[in-house]
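# Summary of the model geometry
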Amino acid sequence: MTNWAPLDVLLWCILAHLVTSGVAIPIGRVSWARWPVYGASLLISGVACAYGLMHLIAQSSVAWETVLPLGLPWIGAHFRLDALSAFFLVVINLGGVAASLYGLGYGRHESAPERVLPFFPMFLAGMNLVLLAADAFTFLLSWESMSLASWALVMTHHQEEGNRKAGYVYIAMASFGTLALLLAFGLMAGPDGGYAFATMRADGAPSGLAGLVLGLALLGTGSKAGLVPLHVWLPLAHPAAPSHVSALMSGVMTKVAIYGFIRLAFDLLGPISWWWAVPVLIVGAVTAVLGVLSALMQNDIKRVLAYSTIENIGLIFVALGLALAFQGNGMTAAAAVAVTAALFHVLNHSLFKSLLFFGAGAVLTATGERAMENLGGLLNRMPTTGLLFLVGSVAISALPPLNGFASEWLMLQAILLSPELPQWALKLLIPAVGAMLALAAALAAACFVRAFGISFLGRPRSAAASNAHEVDRISIAAMSILAVLCLLAGIFPAIIIDAVAPAVQTIIGTRMPVQTDIAWLSIVPIAESRSSYNGLLVFIFIAASASLAVFAIHWLASAKLRRAPAWDCGFPDGSPATQYTADSFAQPLRRVLGGFAFRVHEEIHVPLPGNGSPARLIVTVHDLIWEWLYEPLIRLVNVLAERLNHLQFLTIRRYLSLVFGELIILLLILASWT
Amino acid sequence: MDKLALDIAHFLAGSLVLVSLMLLYQDRLPALLNVFAFQAIILALSVAWQAYVQGASDLYLTAAITLSVKAIIIPVALHRMIRRLGIHREVETAINIGPTMLAGLGLVALSVVVILRVTVNADVFAREDLAFALSVVLLGMLMMVTRRNAVSQVVGFMSLENGLILAATGAKGMPFVVEISVAFSVLIAFIVIGIFLFRIRERFDTVDLEAMDDFRGESR
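Position labels on residues start from 1 in each chain and follow its written sequence. Whichever chain is written first becomes A and whichever ligand is written first becomes 1, with later ones labelled in order. Confidence filtering applies because this is a predicted model: local features only for residues at pLDDT of at least 70, side-chain atom pairs given and counted only at 80 or more, and all residues used for totals across whole chains, interfaces and linings. As a convention, hydrogens and water are excluded, and side-chain values are obtained from all of the structure's heavy atoms.

### Considering the overall build of chain A
Numbered from the N terminus, helices here are DSSP runs of H or I no shorter than four residues, and strands are runs of E no shorter than two. Looking only at helices and strands, chain A features 25 helices and four strands. To get the radius of gyration, use the C-alpha atoms; to get the globule rule, take the number of residues to the power 0.38 and multiply by 2.2 Å. For chain A, whose C-alpha radius of gyration is 26 Å, the value lies close to the compact-globule estimate of 26 Å for 674 residues. Along the first, second and third principal axes, the C-alpha atoms of chain A reach 100 × 70 × 60 Å. Think of it in three bands: residues with accessible area under 20% of the maximum for their type are buried, residues over 50% are exposed, and the middle band is partly exposed, with areas taken using a 1.4 Å probe on protein chains only. Taken over 674 residues, chain A has a buried fraction of 53%. The contact criterion used is simple: two residues touch if any of their non-hydrogen atoms lie within 4.5 Å. Long-range pairs, those at least 24 residues apart, make up 78% of the contacts in chain A between residues at least 6 apart in sequence. Charge assignment in this entry is limited to Lys and Arg as positive and Asp and Glu as negative, and neither His nor the chain termini are counted. For charged residues, the charge sits on one atom: NZ in Lys, CZ in Arg, CG in Asp, CD in Glu. Counting 34 positive and 33 negative side-chain charges, chain A places the averaged centre of each group 7 Å from the other.

So, in structure tokens, the structure goes:
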């Protein structure tokens with residue numbers, strides 16, 4: 001087996017996924033069908049992940065290439081495996097392994113498995129194929145198959161009105177994104193039709209059009225990744241799918257979109273100009289802040305996670321924007337730091353977002369509830385899930401010693417290098433973006449304190465929550481693996497940084513200094529005198545001080561322990577509704593920041609003295625992007641459709657006249673062209 | 001290429017355009033059919049001349065097919081059809097001869113300009129032939145657009161096909177299969193539309209297509 005080229009193995013893996021998907025169609029309704037289907041996806045993703053990792057770790061600059069006689073006859077289907085693809089293959093197949101494992105347990109509760117099982121392997125195959133595609137046609141085809149398979153998964157529970165709307169908005173935005181990518185590739189290919197990536201890489205963007213292509217790439221990949229203002233479908237669609245698919249869509253599919261952007265902007269577009277960074281930085285920063293602010297306003301736990309995905313995508317795009325700025329000025333070492341931070345965060349986000357979605361799925365299984373207002377007190381009833389969800393929350397809040405901190409710290413290190421840039425525009429913009437990033441990180445912490453605190457702490461707010469039970473062992477195993485990986489990546493960031501280095505090398509041309517040689521597993525992105533971070537030390541310190549504190553409390557505390565009801569202010573049997581709720585926790589931030597971001601309006605109705613009716617607080621939150629951008633657009637489309645509808649009911653002679661007129665106009669254009 | 005041969009080819013193709021223009025202002029059906037038969041004869045001559053000049057003997061067969069099917073069988077059949085339908089004395093009122101002729105002349109000018117500009121590097125012999133062929137096609141389409149009577153539309157369609165055959169034979173080395181298929185497609189279209197006409201007639205008592213619009217509940 002060792003003499004097989006990795007690319008061939010990966011292509012066989014994709015074929016195996018497709019075969020699994022085909023097999024799943026006839027057996028989809030059978031109760032045991034999830035075992036072979038998820039088992040096969042688990043195995044195949046594992047193999048693909050291993051081969052990706054092998055290619056990455058080998059540190060070889062060799063890119064495997066092959067052309068299959070598929071697709072358009074004069075193009076064929078080009079495939080290529082380089083270090084960048086290999087890194088994303090690892091991320092995606094790791095997510096695939098985790099989601100398949102989780103699906104083995106979670107799938108038992110699926111009411112319509114025949115709608116999930118055939119599309120799940122197809123979705124994995126589509127994502128893998130995007131990473132290996134090396135010509136525009138194959139890329140777009142795999143991109144679309146990825147979109148369609150995920151759309152089918154979003155529509156699993158199509159009986160619910162909200163899911164149908166989510167599917168509709170999703171497919172509309174996905175088509176828009178593909179259109180933008182199609183135009184971008186069309187411009188890159190030029191009139192000669194050089195659709196292979198190798199040709200594009202050699203030629204670069206046509207002169208003067210690089211900015212346009214970058215804009216189209218940002219639109220196309222941004223609509224899939226969830227950049228503001230193209231994010232509207234994401235908080236609708238990601239929660240609508242079954243939880244392990246939500247994890248795949250949020251944790252993994254958005255990464256495929258980021259891969260697409262990196263491939264286009266850094267690899268194919270040719271020499272980078274510094275000003276490309278400006279739109280990317282601004283969009284990234286706005287996405288990060290708006291995403292996390294929206295997450296704070298949500299009550300549905302899966303929606304909170306989906307909005308938090310938008311925030312993390314914003315962070316990654318900020319890091320990529322920094323890399324563009326540095327690379328455009330020839331500061332390759334700084335660019336390498338920024339790209340490493342972006343790729344590290346890609347890996348981290350896929351780990352903890354999958355973990356959190358699995359946790360949300362476990363809560364959903366145990367209680368049947370997604371609304372946080374109906375949860376509470378779950379930590380006592382589902383201790384393991386609670387602990388794992390806590391690990392995920394700490395990681396995503398970027399607290400040391402977990403992995404989220406390491407990558408966001410690297411990002412801030414890159415931002416601190418910005419004063420060395422020659423352009424004043426960037427010198428002024430990047431610190432502002434850095435401030436936004438810090439704000440987003442702080443808000444993310446608040447958001448996950450809220451998500452964990454309201455769902456898992458306190459007392460149950462509903463009968464469903466008080467009757468919850470721990471989920472099955474396979475689901476817990478899937479979550480535990482991810483939690484351990486989060487911890488390991490946080491404690492040993494140097495290993496990850498060195499593993500990512502070949503991918504950074506392929507797109508930037510240089511890499512960060514080797515980190516694993518540094519004493520005590522510290523990471524030093526630029527110089528020892530500037531900054532360094534040691535995850536292991538922080539972990540040991542936290543572990544030691546925490547155990548010391550526990551030990552001290554138990555040692556020194558009085559032995560006369562007495563359990564009694566908490567003091568209830570003279571109101572016995574207080575209702576669980578007197579606890580902090582999700583909305584009340586978010587209120588301070590809603591008042592401070594929601595005013596301009598969401599035009600939040602609070603209305604308080606207090607009954608007159610003597611009137612026994614309850615007081616009411618009515619909060620209205622507006623989604624300004626939907627109201628100001630999408631609603632006018634929808635109205636415009638409707639008006640145009642209304643007008644064009646008349647064309648459906650013409651006489652034969654008028655149709656002929658239309659065709660004839662069209663022909664004459666084309667001939668006139670042809671006659672006046674030369 | 002012999003200059004006389006070129007001139008004769010141009011003369012025949014030009015006549016075809018001229019006859020196409022004549023088709024435009026025929027407002028009685030029998031006259032229209034006669035002019036169409038005349039057009040087919042000229043086409044047959046033109047194809048035969050091409051066969052002689054190019055030395056391509058298979059084109060003689062195309063000419064014979066054109067002559068027999070388009071100049072004789074189809075016009076005769078259509079004559080019988082309009083007699084049986086009782087519309088052979090009707091005058092088609094929809095066409096307005098002046099503007100239609102002006103439009104036709106404009107189309108001829110347009111196609112000459114387009115073809116001469118686009119095919120600068122092409123063979124002289126094929127080049128002007130193509131310009132004439134495009135004129136015939138466009139005039140046929142114009143006829144289909146301006147006429148209301150189903151029979152006139154059929155004639156317009158077949159006149160369009162004549163333009164295509166002129167283009168096909170003008171270019172050297174066009175495979176015979178293409179012409180066969182073109183001829184058969186015309187024949188089939190003719191049969192289908194013939195059957196269709198009787199159907200329309202049975203149902204609506206007229207072959208005026210406006211009646212069908214009325215039937216769909218729309219008025220112009």
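### Remarks on the overall build of chain B
In terms of helices and strands, chain B carries eight helices and zero strands. The secondary structure elements of chain B, listed N-terminal to C-terminal, are α-α-α-α-α-α-α-α. By residue count, 50% of the 220 residues in chain B fall in the buried class. Within chain B, contacts between residues at least 6 apart in sequence are counted, and of these 76% link residues at least 24 apart. Note on areas: Shrake-Rupley, 1.4 Å probe, and residue coverage restricted to the protein chains presented here. Counting every atom, chain B has about 10,400 Å² of accessible surface; 66% of that belongs to carbon and sulfur.

### Focus on the interface of chain A and chain B
With 17 residues of chain A at the interface, the matching set in chain B holds 21 residues. Buried area between chain A and chain B, summed over both chains or domains, comes out near 1,600 Å², and the portion from carbon and sulfur atoms is 70%. Buried area is calculated as the accessible area (1.4 Å probe) missing from two parts once they are joined, with the contributions of both summed. The largest contributions to the chain A side of the interface with chain B come from Arg 653, Phe 660 and Leu 667 of chain A, which together make up 38% of the buried area. By definition, a salt bridge exists where a carboxyl oxygen of Asp or Glu is found within 4 Å of a side-chain nitrogen of Lys or Arg. There are zero salt bridges connecting chain A and chain B. Any pair of N or O atoms that falls within 3.5 Å is considered a polar contact. Within protein, one atom must be able to donate a hydrogen and the other to accept it, and sequence-neighbouring residues count only if both atoms are side-chain atoms. At the boundary of chain A and chain B, one finds one residue pair in polar contact (both at pLDDT 80 or more). Basically, the charged four are Asp, Glu, Lys and Arg, the nonpolar ten are Ala, Val, Leu, Ile, Met, Phe, Trp, Tyr, Cys and Pro, and anything else, Gly included, counts as polar. In terms of residue class, the side of chain A that touches chain B is made up of eleven nonpolar, four polar and two charged.

### Notes on the side chain of Gln 515 of chain A
Residues and elements named next belong to chain A. Residue position: Gln 515 is located in the loop between helix H21 (493-508) and helix H22 (535-556). In this structure the side chain of Gln 515 is engaged in a polar contact, spanning 2.9 Å, whose partner is the backbone oxygen of Pro 513. Within the structure, the side chain of Gln 515 is placed 2.8 Å from the backbone nitrogen of Val 524, a separation counted as a polar contact. With residues up to four places along the chain from it excluded, the contact list for Gln 515 reads Ala 494, Ile 497, Asp 498, Ser 522, Ile 523, Val 524 and Pro 525.

### Observations regarding empty space enclosed by the protein
All names here are of chain A. A 1.4 Å probe that fits but cannot get out identifies a cavity on a 1 Å grid over protein atoms alone, an open set with protein on both sides within 12 Å along at least five of seven lines counts as a pocket, and a residue lines either if it has an atom within 4 Å of a point. Grid points are joined across faces, edges and corners, and a volume is the space filled by probe spheres set on the points. Applying the stated criterion across every chain yields a total of two cavities of 30 Å³ or more. Of the voids in this model, the second largest cavity is the one considered here, and its volume is about 30 Å³. Residue assignment for the lining of the second largest cavity shows that the elements contributing at least two residues are helix H1 (6-27), helix H3 (83-106) and helix H5 (119-132). Of the residues in the lining of the second largest cavity, the class split is six nonpolar, two polar and no charged.

### Regarding the pattern of salt bridges
All names here are of chain A. One pass over the structure, following the stated rule, counts 15 salt bridges over all chains. Between Asp 498 and Arg 511 there is a salt bridge; the shortest N-O distance is 3.3 Å. Taken together, the positions of Asp 498 in helix H21 and Arg 511 in the loop between H21 and H22 put the pair 13 residues apart, joining distant regions of the chain. The exposure class assigned to Asp 498 is buried, which follows from its relative accessible area of 8%. Residue classification places Arg 511 among the partly exposed positions, given a relative accessible area of 22%. The salt bridge partner of Arg 591 is Glu 602, with a shortest N-O separation of 2.8 Å. Here Glu 602 lies in strand E3 (residues 601-605) and Arg 591 lies in helix H23 (residues 582-598), a separation of eleven residues in the sequence. The network of salt bridges with shared partners includes Glu 65, Arg 80, Asp 82, Arg 201, Arg 263 and Asp 267.

### Details of the nonpolar core
Take the buried residues of types Ala, Val, Leu, Ile, Met, Phe, Trp, Tyr and Cys, join any two whose side-chain atoms come within 4.5 Å, and each joined set is a nonpolar core. Formed by 214 residues in total, the largest nonpolar core has its most connected members in Phe 87, Phe 88, Met 127, Phe 266 and Phe 326 of chain A. Sorting elements by how many residues they give to this core places helix H14 (residues 332-367) of chain A first, with 21 residues.

### A closer look at the environment of Pro 99 of chain B
Within the fold, Pro 99 of chain B resides in helix H4 (residues 97-118). For the pair Pro 99 of chain B and Glu 161 of chain B, spaced 62 residues apart in the sequence, the C-alpha separation amounts to 24 Å.

### As for the packing of helix H2 (residues 34-57) of chain A against H3 of chain A
All names here are of chain A. Contact pair H2 / H3: the axes reach a minimum separation of 7 Å and the direction vectors enclose 155°. Compared by their axis directions, H2 and H3 come out roughly antiparallel. Note that H2 runs across H3; the crossing there is left-handed. Its residues placed into classes, the contact of H2 with H3 shows 15 nonpolar, ten polar and one charged. The axes are straight lines fitted to the C-alpha atoms, using for helices just the contacting stretch, and the angles between their N-to-C directions are given from 0 to 180°. The scheme is simple: roughly parallel for angles under 35 degrees, roughly antiparallel for over 145, roughly perpendicular for 65 to 115, oblique for anything else. By definition, turning the near helix anticlockwise from the far helix through less than a right angle yields a left-handed crossing, and turning it clockwise yields a right-handed one.

### Considerations on the domain arrangement of chain A
Domain boundaries shown here were taken from an automatic or database domain assignment. According to the domain assignment, chain A consists of domain 1 (272-512) and domain 2 (629-673). Here domain 1 of chain A and domain 2 of chain A have C-alpha centroids that lie 47 Å from each other.

### As for a nonpolar patch on the surface
Residue and element names in this part refer to chain B. Residues qualify for a patch when their relative accessible area is over 30% and they have no salt bridge, like charges being joined within 9 Å and the nonpolar side chains of Val, Leu, Ile, Met, Phe, Trp and Tyr within 5 Å. Taken together, the side chains of Phe 38, Ile 41, Leu 45, Leu 67, Ile 72, Ile 73 and Val 76 make up a nonpolar region of the molecular surface, amounting to roughly 600 Å² of accessible area. Among the elements that take part in the nonpolar patch, helix H3 (residues 58-85) stands out by supplying four residues, more than any other. Tracing the chain through its elements places Leu 45 in helix H2 (residues 29-54).

### Points about H3 of chain B
Residues and elements named next belong to chain B. Here the expected length of a helix is defined as 1.5 Å per residue gap, with one fewer gap than residues. Taking 1.5 Å as the rise per residue, H3 with 28 residues should run 40 Å; its terminal C-alpha atoms sit 38 Å apart, in good agreement. Take the seven residues that end at a residue and the seven that start at it, fit an axis to each, and the angle between those axes is the bend at that residue. The sharpest bend along H3 comes to roughly 25°, located at Ile 73, with the proline Pro 75 sitting one to four residues further on. Once H3 ends, the next one or two residues include Gly 86, with phi positive near 75°.

### Let's talk about unusual backbone geometry
Generally, phi is negative for residues other than glycine and the peptide bonds are trans, each holding for most cases. Residues and elements named next belong to chain A. The residue after Val 228, namely Pro 229, is reached through a cis peptide bond having omega 5°. Residue position: Pro 229 is located in the loop between helix H9 (210-225) and helix H10 (234-240). Cis peptide bonds are those with omega within 30 degrees of zero, and the linkage from Pro 400 to Pro 401 qualifies with 10°. Mapped onto the fold, Pro 401 is located in the loop between helix H16 (383-396) and helix H17 (403-416). In the Ramachandran plot, Ala 398 falls in the positive-phi region, its phi being about 60° despite a non-glycine side chain.

### Let's talk about the environment of Leu 429 of chain A
Residue and element names in this part refer to chain A. Along the chain, the position of Leu 429 falls in helix H18 (residues 424-456). On the basis of relative accessibility, which here comes to 19%, the residue Leu 429 falls in the buried class. Put simply, Leu 429 and Leu 264 are 165 residues apart on the chain and 24 Å apart in space, counted from C-alpha to C-alpha. Beyond its immediate stretch of four places on either side in the chain, Leu 429 contacts Val 278, Leu 281 and Ile 282.

### Focus on the state of the cysteines
All names here are of chain A. By disulfide we mean two sulfur atoms from cysteines, separated by a distance within 2.5 Å. One pass over the full model with this rule turns up zero disulfides over all chains. With no disulfide partner, Cys 13 has as its closest neighbouring cysteine sulfur the one in Cys 49, 11 Å distant. Of all cysteine sulfurs in the structure, the one in Cys 486 sits closest to Cys 447, which takes part in no disulfide; the separation is 16 Å.

### Description of H14 of chain A
All names here are of chain A. Look at H14: 51 Å from first C-alpha to last across 36 residues, which is about the 52 Å you get at 1.5 Å a residue. With 31 of 36 residues buried, H14 is to be regarded as a mostly interior element. Looking one or two residues beyond H14, the residue adopting positive phi is Gly 368, at roughly 75°.

### Details of the environment of Tyr 307 of chain A
Residues and elements named next belong to chain A. Following the sequence through the fold, Tyr 307 ends up in helix H13 (residues 301-328). Separated by 182 residues in sequence, Tyr 307 and Ala 125 have C-alpha atoms that sit 26 Å apart. The residues contacting Tyr 307, other than those within four sequence positions of it, are His 231, Pro 235, Gly 291, Val 292, Ser 294, Ala 295 and Gln 298.

### Some details on the packing of aromatic side chains
Each aromatic ring pair is described using two quantities: the centre-to-centre distance and the angle formed by the ring planes. Residues and elements named next belong to chain A. Aromatic rings from Phe, Tyr and Trp, with only the six-membered ring used for Trp, were paired whenever their centres fell within 6.5 Å, and each pair was classed as stacked if the ring planes differed by under 30 degrees, edge-to-face if by over 60, and tilted otherwise. What the rule picks out here adds up to 21 aromatic pairs over all chains. Relative to Phe 185, the ring of Phe 139 lies with its centre 5.4 Å away and its plane at 65°, an arrangement referred to as edge-to-face. With Phe 139 in helix H6 (residues 136-154) and Phe 185 in helix H7 (residues 161-189), the pair connects residues that are 46 residues apart, well separated along the chain. In terms of burial, Phe 139 and Phe 185 fall into one category: buried. Ring centres of Phe 452 and Phe 456 lie 5.1 Å apart, and the angle between their planes is 15°; on these two criteria the pair is classed as stacked. Here Phe 452 pairs with Phe 456, and both are found in helix H18, just four residues apart, close to one helical turn. Grouping residues by exposure puts Phe 452 and Phe 456 together as buried. Cluster of aromatic residues (ring-pair linked, three or more members): Phe 139, Trp 143, Phe 185 and Phe 197. Looking at Lys 224, its charged tip hangs above the ring of Trp 233, at a distance of 6.0 Å from the centre. If you follow Lys 427 out to its NZ or CZ, it ends over the ring of Trp 424, 4.6 Å from the centre. Here, a charge over a ring is recorded when the distance from Lys NZ or Arg CZ to the ring centre is within 6 Å and its angle to the ring normal is within 35 degrees.

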